Protein chains: 2
Amino acid sequence: MRDVAIIGIGQVKVGEHWDKALKELATEAILGAIKDAQVERVDSLYIGNMLSGELTGQEHLGALVSDFAGLRGVEAVKIEAACGSGAAALRMGYVAVAGELSDFVVVAGVEKMTDRPGDVVTASLAMAADGDFEAENGLSFVALNALLMRRYMHEYGVHHEEFAPFAINAHRNAVNNPYAMFPFAVTADDFKKAKMIADPVNLLDSSPVCDGAAAVVLCPMDVARRLADHPVRIRASAIATDSIALHDRRDLLGLEGAALSAHKAYSQAGLGPQDMDLFEVHDAFTIMSALSLEAAGFAERGQGVRLGLDGEIGIDGRIPITTMGGLKARGHPVGATGVYQIAEVVTQLRGQAGKNQVPDARVGMAQNIGGSGATVITTILEAID
Amino acid sequence: MRDVAIIGIGQVKVGEHWDKALKELATEAILGAIKDAQVERVDSLYIGNMLSGELTGQEHLGALVSDFAGLRGVEAVKIEAACGSGAAALRMGYVAVAGELSDFVVVAGVEKMTDRPGDVVTASLAMAADGDFEAENGLSFVALNALLMRRYMHEYGVHHEEFAPFAINAHRNAVNNPYAMFPFAVTADDFKKAKMIADPVNLLDSSPVCDGAAAVVLCPMDVARRLADHPVRIRASAIATDSIALHDRRDLLGLEGAALSAHKAYSQAGLGPQDMDLFEVHDAFTIMSALSLEAAGFAERGQGVRLGLDGEIGIDGRIPITTMGGLKARGHPVGATGVYQIAEVVTQLRGQAGKNQVPDARVGMAQNIGGSGATVITTILEAID
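Here the structure is a predicted model, which is why all the values come from computation and not from measurement.

(A) Structural context of the overall build of chain A. Scanning chain A from N- to C-terminus turns up 14 helices and 11 strands. For 385 residues, the compact-globule estimate of 2.2 N^0.38 gives 21 Å, and the C-alpha radius of gyration of chain A, at 19 Å, lies within 12% of that figure. Burial statistics for chain A: of 385 residues in total, 69% are counted as buried. Look at the contacts in chain A between residues 6 or more apart in sequence, and 78% of them connect residues 24 or more apart. A total accessible area of about 12,200 Å² is found for chain A, and carbon and sulfur atoms account for 49% of it. Averaging the locations of the 32 positively and 49 negatively charged side chains of chain A gives two centres separated by 3 Å.

See the structure below:
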């Protein structure tokens, strides 16, 4: 095994891209990352995507996108792990470079969700859940998160408005992210008055349906030191799973897949939560921020919301999260999200995050979650001088 | 990099499994492979599948299947490369073990196609083609192969009945395969009288819509030597791509992706076509057998059909193909096919193919094709004493 570096990133502004095809979004991100990395060779392309078949009638993205992006001939496949598809693709790229099977790998995440009616999108997203026991009974993805949130509030005596800091923080940070879908601030009052989606989940608890693509270029660290001014090292990349259905979980609020994934990543990196300068959480819903922070060891059980209430998740806080807007305000094009998170951590570790720069950021972590916690990918990145 | 072995295989009989869910089919194959391998530990599960979302309303197969198969917690993702998904998943497993990132990997291919009406299946399969320029214009997957076959007949002056040996050979071999969907012989006369599907492709040129699952267990070769009586070494595993659309190909009948994939595999293995004792071709349609044999170097351009006509593709021939029935007669549950091919080569190299045993088989090859040649995965396996 050898050390792996990220030497290029590319992002498309998240939004409703009715004028661009999925392959165009992916290509824009890929060419951006290749240009940023200044590489002339690509061996493999791993594409994270969940719903291209359901929402755009197109599978076989590996061949489709590699050709459109000018990479005809390369090894190319699609990786699917629901909303965790992006970081799962990164894991495959990491494995290929670390294991010396590929030298230059592009990992791209792409999703196009806004061309279809809302009910089709809702039904498609429910394919991340257990088809026989959850989706079949009408549980949408928001509803599953509503069940988790209600249980959390009940178990720990937490009030709904205590989740507001997650949304406020994400929106505040999105203001300075040129790739964010919602670059505007929201207030505690906005949160209180936000429209209910699935009680207790309201509009500001929820990430949007949207389109987007992000890409990164990986190569061996020794090559990166020659090619890049600011290579970022992948210290860890770990996937773990849990039951797909909520009713099968051994510990409903424990998010065991997230805990196992984080544990594996810490073990690979020889680091712990205390070493992280920032943490891109999978805030598809505010409840997921709390659960992810707890499972990854940043807070005790039931104390995740306290980090927000105590002002510890801001750029200058103890553990800055969603530093570029998160899923909530940058946007959540599902299969692309995991790669956006990685691109954002790289931006921070390069010291290029502008007004959102976490001071002296050296080590950052991202956690990308598929389904309601069934597949979790934890990635730890480190700045290299 | 270290050598990788296959130490277990599991297969479900291909057919119309209306009484079994996708996760049940996958689990049956996985548990079969684990039992065959006699391993007690699995680190990762890579699932090849194309159409679970479109045809069964279920994505996120990694988490779904790993839990159902008793593997909750392991790294698990779905790999999609159209009809090449199965061998693409094998490639990911190979990379993980060869690169020392995982020790025990299960690779499973699964597809469930028969629960939905034929028009839905046809439309879904067309997602392997270019959505904007092929599927959008009404070209089904059979139609694309009909275009290729017609062009081949025109260019090389080949008559349709000259493709018959491919179908006859596949059906003859399926008779002795307990996992085959169509274990019965067909004659040249049957081929001549077969119903037309998309001129010139007739019913006996075509593989069936069906359900199935197959799985293999990988581990490092040094471990395999201790655990297995007949470990099989993966000498090569290579993916290459071509344009997804036929009209964008530089060489319509050259199947450049297949040629590149085979070239990469030969180069990895330090072997050539003359070293192969058998070759599992991707005979989704008889034209694909001819093109694959030519692209992989077993015949000159336009001479692929001659191998069949000259009796060289049978068990005792110069290059036995579809030795257990191939896609035509074993069946073609699309995302599972690549893993069935691997299980069949392993069966041959173990000397366990019964009446279909290729004498003294030591090295075997499989070529799994996504779309009309856009993604091609070539695998070379070798028997180890």
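(B) Quick peek at the layout of surface pockets. Residues and elements named next belong to chain A. Size it by volume and the largest pocket reaches roughly 660 Å³. Along its surface, the largest pocket is lined by 35 residues, and V142, S206, S207, P208 and V209 are the ones closest to its centre. Element by element, the count of residues in the lining of the largest pocket is highest for helix α5 (residues 118-125), at four residues. Here the lining of the largest pocket is composed, by residue class, of 20 nonpolar, 12 polar and three charged.

(C) Representation of the side chain of E111(B). Residue and element names in this part refer to chain B. Relative to the elements of secondary structure, E111 occurs in strand β4 (residues 105-111). Put simply, E111 is tucked away with no salt bridge, and the nearest opposite charge, on K78, sits 6.6 Å away. When sequence neighbours within four positions are dropped, the list of residues in contact with E111 reads L25, N49, M50, L51, S52, C210, D211, G212, P333, V334, G335 and A336.

(D) Quick peek at the pairing of strand β2 (residues 44-48) of chain A. Residues and elements named next belong to chain A. Within β2, five of the five residues are buried, leaving the element largely enclosed by the surrounding structure. With burial as the criterion, each face of β2 is covered, one bearing S44, Y46 and G48 and the other bearing L45 and I47. Relative to strand β3 (residues 75-80), β2 is paired through five bridges, and the arrangement is parallel. Across the sheet, the residue bridging to L45 is A76, located in β3.

(E) Main features of the interface of chain B and chain A. Taken together, the 59 residues of chain B in the interface contact 58 residues of chain A. A combined buried area of about 4,500 Å² lies between chain B and chain A, and 53% of that area is made up of carbon and sulfur atoms. Between chain B and chain A we count six salt bridges in total. Across the pair K23(A) and D132(B) runs a salt bridge, and its minimum N-O distance is 3.3 Å. Contributions of two or more residues to the side of chain B that touches chain A are made by α2 (52-56), α3 (61-68), β3 (75-80), α4 (85-98), β8 (232-241) and α10 (256-269) of chain B. With seven residues, α4(B) is the single largest residue contributor to the side of chain B that touches chain A. Residues of the side of chain B that touches chain A, tallied by class, amount to 29 nonpolar, 13 polar and 17 charged. Pairing of β3(A) with β3(B), which is carried by three bridges, proceeds in the antiparallel orientation.

(F) Molecular detail of the nonpolar core. Core analysis: the largest hydrophobic core is formed by 166 residues, its most contacted members being I30(A), L218(A), I30(B) and L218(B). Not counting chain neighbours up to four residues away, the residues in contact with I30(B) comprise L45(B), V65(B), A69(B), L71(B), V106(B), A108(B) and A215(B). Ranked by size, the runner-up nonpolar core spans 67 residues in total, among them A164(B), L293(B), V363(B) and I380(B).

(G) Main features of the relation of the copies chain B and chain A. The two copies are related by a screw operation: chain B maps onto chain A through 180° of rotation and 0.0 Å of translation along the axis, at an RMSD of 0.0 Å. Taken together, the rotation and translation describe the operation of a two-fold axis. In terms of C-alpha distance to the rotation axis, chain B has G99(B) as its closest residue, with the C-alpha 1.7 Å off the axis. When the interface residues of chain B are mapped onto chain A, 98% of them again lie at the interface, so the same face is used by both copies.

(H) View of empty space enclosed by the protein. All names here are of chain B. Enumeration over the complete set of coordinates arrives at one cavity of 30 Å³ or more. Taken together, C83, F141, N145, H282, A284, F285, M288, I369 and G371 make up the full set of residues lining the largest cavity. Along the lines of polarity and charge, the residues of the lining of the largest cavity split into six nonpolar, three polar and no charged.

(I) Structural detail: unusual backbone geometry. Residues and elements named next belong to chain A. In this model, D199 is joined to P200 through a cis peptide bond whose omega is 10°. Turning to its location among the elements, P200 is positioned in the loop between β5 (196-198) and β6 (201-202). Here E100, not a glycine, exhibits a phi torsion of approximately 70°, which is positive. Judged by relative accessible area, E100 falls into the partly exposed class, the value being 41%.

(J) Geometry of the confidence of the model for chain A. When pLDDT is averaged along chain A, the result is 97, and 100% of the positions lie at 70 or above. Scoring of the predicted complex yields 0.98 for pTM and 0.97 for ipTM.

(K) Region of the structure containing the state of the cysteines. Counted under the stated rule, the structure contains zero disulfides over all chains. With no disulfide of its own, C210(B) lies 11 Å from the sulfur of C83(B), the closest cysteine sulfur.

(L) Region of the structure containing the pattern of salt bridges. Across all of its chains, the model carries 50 salt bridges over all chains by this definition. One salt bridge connects R91(B) with E75(A), and the closest N-O pair in it is separated by 2.9 Å. Taken together, the residues span two chains, with R91(B) in helix α4 and E75(A) in strand β3. Comparing R91(B) with E75(A), the two get one shared label, buried. For E344(B), the salt bridge goes to R330(B), with nearest N and O atoms at 2.6 Å. Pair noted here: E344(B) is in helix α14 (residues 334-349) and R330(B) is in helix α13 (residues 326-330), with a separation of 14 residues, a long-range link. The pair formed by E344(B) and R330(B) is uniform in burial state, with each residue classed as buried. Taken together, the salt bridges that share partners define one network made up of R2(A), R41(A), D43(A) and D103(A).

(M) Looking closely at α3(B). The buried count for α3(B) comes to seven of eight residues, which makes it a mostly enclosed element. Looking one or two residues past α3(B), G70(B) carries a phi angle of roughly 80°, positive in sign.

(N) How the structure looks around the side chain of D283(B). Residues and elements named next belong to chain B. Structurally, the position occupied by D283 is in the loop between β9 (278-280) and α11 (286-295). Put simply, D283 is tucked away with no salt bridge, and the nearest opposite charge, on R330, sits 6.1 Å away. There is a polar contact of 2.7 Å between the side chain of D283 and the backbone nitrogen of L327. At 3.3 Å, the side chain of D283 and the backbone nitrogen of K328 are in polar contact. Not counting residues up to four positions away in its chain, the partners in contact with D283 are A170, S207, S289, T322, G325, G326, L327 and K328.

(O) Structural view of helix α6 (residues 141-156) of chain A. Residues and elements named next belong to chain A. In a regular helix each residue adds 1.5 Å, so 16 residues correspond to 22 Å; α6 covers 23 Å between its end C-alpha atoms and thus fits that length. The complete set of buried residues in α6 reads F141, A143, L144, N145, A146, L148, M149, Y152 and M153. Among the structural elements, α5, β5, β6, α11 (286-295) and α12 (304-309) are those in contact with the buried residues of α6. Phi turns positive one or two residues past the end of α6, at G157, with a value near 60°.

Cut-off values and rules
- Residues numbered from 1 in each chain as written.
- Chains lettered and ligands numbered in written order.
- Predicted model: local features only at pLDDT ≥ 70, side-chain atom pairs only at ≥ 80, totals over all residues.
- Heavy atoms only, no water.
- Helix = DSSP H or I, 4+ residues; strand = E, 2+ residues; numbered from the N terminus.
- Rg over C-alpha atoms; globule rule 2.2 N^0.38 Å.
- Buried < 20%, exposed > 50% of the residue type's maximum accessible area, 1.4 Å probe, protein only.
- Contact = heavy atoms within 4.5 Å.
- Areas by Shrake-Rupley, 256 points an atom, 1.4 Å probe, with all protein chains shown as cover.
- Lys, Arg positive; Asp, Glu negative; His and termini not counted.
- Charge placed at Lys NZ, Arg CZ, Asp CG, Glu CD.
- 1 Å grid on protein atoms, 1.4 Å probe; cavity = no way out; pocket = protein on both sides within 12 Å on 5 of 7 lines; lining within 4 Å.
- Points joined across faces, edges and corners; volume = space filled by probe spheres on them.
- Nonpolar A, V, L, I, M, F, W, Y, C, P; charged D, E, K, R; others polar.
- Salt bridge = Lys/Arg side-chain N within 4 Å of Asp/Glu carboxyl O.
- Pairing = 2+ DSSP bridges.
- Buried area = accessible area lost by both parts, 1.4 Å probe.
- Core = buried A, V, L, I, M, F, W, Y, C linked by side-chain atoms within 4.5 Å.
- Least-squares fit on C-alpha atoms with pLDDT ≥ 70 in both.
- pLDDT = per-residue confidence, 0-100.
- Disulfide = S-S within 2.5 Å.
- Polar contact = N/O pair within 3.5 Å; in protein donor to acceptor, adjacent residues only side chain to side chain.
- Expected span 1.5 Å × (residues − 1).

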